[in-house]
Amino acid sequence: MSQSDIKHALRKLEFPACVKEALPRIENIIIGRGKQNFIMQLISEFVFLEKTKEVDVRRGQSPQSYSNMQMNKIQEFQLILVLIEFFSQPGPDSTRNAVFLSLFGSNLTPQRTKILCKLISTSVSGSVAPLLSSAGTWMQQVGCTTPPSLEVAQSLVSDFIIFSRKTSEQLKQLPLVAPHFAANLMTAVADLYLNEQRGTLTPPPDALLDVVCEWVTENPSLCLASQQPLALPIGAIAMPVVTPLAGLIRWSVLAPILSNRSTYSNLHLSLLQTLLEIVNNGPPTALNAQHLALTLTPLKNYASRLKGEKLDPSQDANFQKCVERLAQAVQVGLSSNCVYGNVPQLLCALETLPPHPLMKIVIAANKTL
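Sequence order as written defines the numbering, with residues in each chain counted from 1. Since the coordinates come from a predicted model, pLDDT governs what is reported: local features require at least 70, and pairs of side-chain atoms require 80 or more to be given and counted, while whole-chain, interface and lining totals use all residues. Values shown for side chains rest on all heavy atoms present in the structure; no hydrogens or waters enter the calculation.

**Q** What is the right way to look at helix α5 (residues 73–87) in this model?
**A** Each full turn of the α-helix corresponds to 3.6 residues, which orients residues three or four apart in the same direction. Given a rise of 1.5 Å per residue, 15 residues ought to cover 21 Å, and the 21 Å separating the end C-alpha atoms of α5 matches this to within 8%. Within α5, burial applies to Glu76, Leu79, Ile80, Val82, Leu83, Ile84, Phe86 and Phe87. On the buried face of α5, the contacting elements are α2 (17–31), α3 (36–47), α6 (93–103), α7 (110–125) and α8 (129–142). Pairs of N or O atoms within 3.5 Å make up the polar contacts considered here, provided that, within protein, one atom can donate a hydrogen while the other can accept it, and that residues adjacent in sequence are counted only when both atoms are side-chain atoms. Helix and strand definitions here come from DSSP, where helices need a minimum of 4 consecutive H or I residues and strands a minimum of 2 consecutive E residues; each element is numbered from the N-terminal end. Where α5 starts, the residue carrying a side-chain oxygen 3.1 Å from the main-chain nitrogen of Ile74 turns out to be Asn72. By this rule the span expected of a helix is its residue count minus one, scaled by 1.5 Å. Each residue gets one of three labels from its accessible area relative to the maximum for its type: buried under 20%, exposed over 50%, partly exposed in between, using a 1.4 Å probe on protein chains only. Only heavy atoms enter the contact rule, under which two residues are in contact if any of them lie within 4.5 Å.

So this is what it looks like as structure tokens:
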């Protein structure tokens, strides 16, 4: 069947019947390693109802120049149901992931982003493991801290934390349903909060902190689930893995200067337990030295504010607790041999902090690395 015949047949169908028919065809083209350009055209016109400007395509321009057509809410709902049904069918993970990545590439339109957020939120509510598994692969391939992944993470926080009266059991059970997705989601939400690179040190909502702490405490190896091999089509390159460890360590380290919640102490202990487990069976690339070093800037800024108020950081209990937690995390990470990157540069950076007895010992003990 020619490309024009396929389009002609699909155009005879109403929405969402055209989606149900288009998805298996897209899957077969992917399996047969057919033209990516044609796959994108089918997805645009028959899945997301973005009418292609055919004249532009004939002129050799990008087929992704679409007229600004928006789905209505009923169509969005219908599409989400069809997608959940399609991704729930048995089949190779690599093919399912390839279709998902084709539907939601890194260059997402606002409409596709909105549908993706609703799709993943619905899948969390319904514990749809196959789709969430593909979503976890998508997050890793586009990057857990890139705008598309962060938008999905923020949407889930809004749906299940901010606008929810109580945390749903489906969210609490997410690591059991889709551990890889849960790990990558933690990497994304860790980047959203207590991150000075975003302008201000905003703590995570209490309910989100409680859920993350519960996840890590009940399953210390969950943070390493993102290290699992990805099921990708032949020829595809897996993107570098970023675990949630550095971001969550930043939460626990900076917490004393912003919050007195004991949950942060529990999170800190659980993260240290995760690092200790790596000694025996974990990957040696779980914790990036450069990402750890990002915690230093807000600590030094806080120390500068203390000095500006004629106060000594070495006498400030909150600051001392921050540095103590950082020293513990660095020491356990280094002794577990899971810190990668420029470790000597990290140790030199740690020396720029106001003096702390434990940090001095950690730096001295690891200077030979």
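**Q** Explanation requested: unusual backbone geometry in the structure shown.
**A** When glycine is set aside, most residues are seen to have a negative phi, and most peptide bonds are trans. With an omega of 10 degrees, the peptide bond between Phe15 and Pro16 qualifies as cis. Structurally, the position occupied by Pro16 is in the loop between α1 (3–11) and α2. Of note in the backbone geometry, Leu49 takes a positive phi value of approximately 55 degrees without being a glycine. Mapped onto the fold, Leu49 is located in the loop between α3 and α4 (54–58). If you check the backbone angles, Leu194 has positive phi at about 50 degrees while not being a glycine. With respect to the helices, strands and loops of the structure, Leu194 is situated in the loop between α12 (179–192) and α13 (206–218). Under the relative-accessibility criterion, Leu194 is labelled buried at 1%.

**Q** Before we go on, may I ask you to explain the pattern of salt bridges in this structure?
**A** Between side chains of opposite charge, a pair can form as their charged atoms come close. Each salt bridge in this description consists of a side-chain nitrogen of Lys or Arg and a carboxyl oxygen of Asp or Glu lying within 4 Å of one another. Per the stated rule, a full pass over the model turns up 10 salt bridges. Here Glu76 and Lys118 are joined by a salt bridge, their closest N and O atoms 2.6 Å apart. In this pair, Glu76 is assigned in helix α5 and Lys118 in helix α7, connecting sequence segments 42 residues apart. For Glu76, a relative accessible area of 2% gives the class buried. The salt bridge partner of Lys172 is Glu169, with a shortest N-O separation of 3.8 Å. One end of the pair is Lys172 and the other is Glu169, both in helix α10 (residues 169–172) and 3 residues apart, which spans about a single turn. For Glu169, a relative accessible area of 47% gives the class partly exposed. Overlapping salt bridges, with partners in common, bring together Glu76, Lys114 and Lys118 in one network.

**Q** Would you mind going over the packing of α7 against α8 with me for this structure?
**A** The geometry of a pair of packed helices is captured by two quantities: the angle between their axes and the separation between those axes. Angles run from 0 to 180 degrees between N-to-C directions of axes, and those axes are lines fitted to C-alpha atoms, restricted for helices to the stretch in contact. Where α7 contacts α8, the two axes come as close as 9 Å, and the packing angle between them is 135 degrees. The angle between the axes of α7 and α8 places the two elements in the oblique class. In this structure, the crossing between α7 and α8 has a hand that is left-handed. Contacts between α7 and α8 involve Leu116, Leu119, Ile120, Ser123 and Val124 from the first element and Leu131, Leu132, Ala135 and Trp138 from the second. In terms of residue class, the contact of α7 with α8 is built from 8 nonpolar, 1 polar and no charged. Geometric relationships in this document are graded by angle, where less than 35 degrees denotes roughly parallel, more than 145 denotes roughly antiparallel, 65 to 115 denotes roughly perpendicular, and other angles denote oblique. We call a crossing left-handed when the near helix sits turned anticlockwise from the far one by less than a right angle, and right-handed when that turn is clockwise. All residues other than Ala, Val, Leu, Ile, Met, Phe, Trp, Tyr, Cys, Pro, Asp, Glu, Lys and Arg, Gly among them, are scored as polar; the first ten of these are nonpolar and the last four charged.

**Q** Help me understand the nonpolar core in this model?
**A** Soluble globular proteins: nonpolar side chains tend toward being buried together. Residue types Ala, Val, Leu, Ile, Met, Phe, Trp, Tyr and Cys, when buried and joined through side-chain atoms within 4.5 Å, form a set referred to as a nonpolar core. Core analysis: the biggest nonpolar cluster contains 123 residues, and Leu103, Phe104, Phe181, Trp251 and Leu350 have the highest contact counts within it. Contact partners of Trp251, with chain neighbours within four places excluded, come to Val189, Ala190, Tyr193, Leu194, Pro204, Leu208, Leu209, Val212, Tyr264 and Leu267.

**Q** What is the right way to look at the environment of Leu209 in this model?
**A** By secondary structure assignment, the location of Leu209 is in helix α13. According to the relative accessible area criterion, Leu209 is buried, its value standing at 0%. Along the backbone, Leu209 and Leu248 are 39 residues apart, and their C-alpha atoms lie at a distance of 9.9 Å. Setting aside chain neighbours within four positions, we find Leu209 in contact with Pro204, Trp251, Arg261, Thr263, Tyr264 and Leu267.

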